[in-house]
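# Structural overview for review
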Amino acid sequence: MHKKIQNILKIFLVLGAIYLLADAFIHFFDFKLTDVNNDWPISALVYAQLLDKISGAFMLLIAIIVFVIHKDLEKYRLVVYLSAVWTFFLGLTFIYLSMSTDYLHIFNFLPSLSFWLPFYREYLLLESGALIFYSAIVYLWFKTRSHE
């Protein structure tokens, strides 16, 4: 059972790293800011571009780290555990944000902010589900690891 869960965890980590690489690409090239160029003040635009590049760089860093970690889960088990705690918190944050904010209404005139997804709320819920599922996989991996 432990090996099956570990294999699922490895696959999930690789898919997550690929997702982070794609998201980093979106941030590096400011795709989410294409609609705001003429509507936002230059100071807000420059600041958003700076944060986009920083976000993209951190996503790239996390993806690289995840590719390293997935090769030897036992060696990096503390990092895996801490990442599961963090992703659980982030998943709950995304659930709260998706339930408390009407992104469809807010991004109606600037759809690039939601990356042209008319179902951005549901997208956040899907992301939160994936994050919480990752935390559950890590929990099961730790639980079955201790019983062998």
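Everything that follows concerns the structure shown earlier in this document.
Reading the values: the criteria
- Residues numbered from 1 in each chain as written.
- Predicted model: local features only at pLDDT ≥ 70, side-chain atom pairs only at ≥ 80, totals over all residues.
- Heavy atoms only, no water.
- Helix = DSSP H or I, 4+ residues; strand = E, 2+ residues; numbered from the N terminus.
- Contact = heavy atoms within 4.5 Å.
- 1 Å grid on protein atoms, 1.4 Å probe; cavity = no way out; pocket = protein on both sides within 12 Å on 5 of 7 lines; lining within 4 Å.
- Points joined across faces, edges and corners; volume = space filled by probe spheres on them.
- Nonpolar A, V, L, I, M, F, W, Y, C, P; charged D, E, K, R; others polar.
- Core = buried A, V, L, I, M, F, W, Y, C linked by side-chain atoms within 4.5 Å.
- Buried < 20%, exposed > 50% of the residue type's maximum accessible area, 1.4 Å probe, protein only.

For the rest of this paragraph, the subject is the environment of L125. Mapped onto the elements of the fold, L125 is located in helix 5 (residues 120-146). Note: C-alpha distance between L125 and L20 (105 residues apart in sequence) is 17 Å. Discounting chain neighbours no more than four positions away, the residues touching L125 are I95, S98 and M99.

A few words now on the layout of surface pockets. Of the voids in this model, the largest pocket is the one considered here, and its volume is about 1600 Å³. In this structure, the largest pocket is lined by 48 residues; those nearest its centre are Y19, L20, D23, M59 and L90. Secondary structure elements with two or more residues in the lining of the largest pocket: helix 1 (2-28), helix 2 (42-69), helix 3 (77-100) and helix 5. Here the residues of the lining of the largest pocket sort into 37 nonpolar, seven polar and four charged.

One finds L9, L13, L73, V80, Y134, V138 and W141 to be the most contacted residues of the largest nonpolar core, which totals 17 residues. Every element with two or more residues in this core is listed here: helix 1, helix 2, helix 3 and helix 5. No other element matches the six residues that helix 1 contributes to this core. Of all hydrophobic cores here, the second largest spans 13 residues; its members include L33, L45, L113 and L124.

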